[in-house]
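# Coordinate analysis (summary)
The chain contents come next:
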Amino acid sequence: AGGRVGGSFPPRIAEILRTRGKLEAEQHRVVSVFCAEIAGLDFLVSTMTPDSLSDLIDRLYEQFDALCEEHGVLKFGTTNDGYIAATNIAEYQQDHAER
């Protein structure tokens, strides 16, 4: 865990990685998970150029990233047609479902 850890993780997680070097598994009784999939991706693939499709997906995921940052939602990752994020994981968030 080098000096760049803080930019990739929420502050509490980054601090644990800096001081301990690894995370221990945690259990959370309640979390909210957000999963989004691009509906009609097969159609888009067949009708758009690769550059246009890549730009569309990049812009969509950039918007999701901005919303996650704004609302304190932890992004887990993306696939070519999916986006996964969750709340009430990196820190306690009583209003996690509204985020």
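These notes cover the structure that comes with them.

Criteria and cut-off values
- Residues numbered from 1 in each chain as written.
- Predicted model: local features only at pLDDT ≥ 70, side-chain atom pairs only at ≥ 80, totals over all residues.
- Heavy atoms only, no water.
- Helix = DSSP H or I, 4+ residues; strand = E, 2+ residues; numbered from the N terminus.
- Rg over C-alpha atoms; globule rule 2.2 N^0.38 Å.
- Salt bridge = Lys/Arg side-chain N within 4 Å of Asp/Glu carboxyl O.
- Buried < 20%, exposed > 50% of the residue type's maximum accessible area, 1.4 Å probe, protein only.

Broken down by element type, the protein chain carries four helices and three strands. Its helices and strands in sequence order give the protein chain the pattern α-α-β-α-α-β-β, from N to C terminus. For 99 residues, the compact-globule estimate of 2.2 N^0.38 gives 13 Å, and the protein chain exceeds it by more than 25% at 16 Å. The dimensions of the protein chain, computed from C-alpha atoms along their principal axes, are 50 × 30 × 25 Å.

Another point: the pattern of salt bridges. Under the criterion given, the structure shown has four salt bridges. When the shortest N-O distance is used, the salt bridge between E15 and R18 registers 3.7 Å. Of the two residues, E15 and R18 are both situated in helix α2 (residues 11-20); the distance of three residues between them amounts to about one turn of the helix. On the basis of relative accessible area, R18 is assigned to the partly exposed category, the value being 44%. The shortest N-O distance in the salt bridge between D65 and K75 comes to 3.1 Å. Linking D65 in helix α4 (residues 50-71) with K75 in strand β2 (residues 74-78), this pair joins segments that are 10 residues apart in sequence. For D65, a relative accessible area of 30% puts it in the partly exposed group.

So, to be careful, I would describe these as geometric facts and stop short of saying anything about function.
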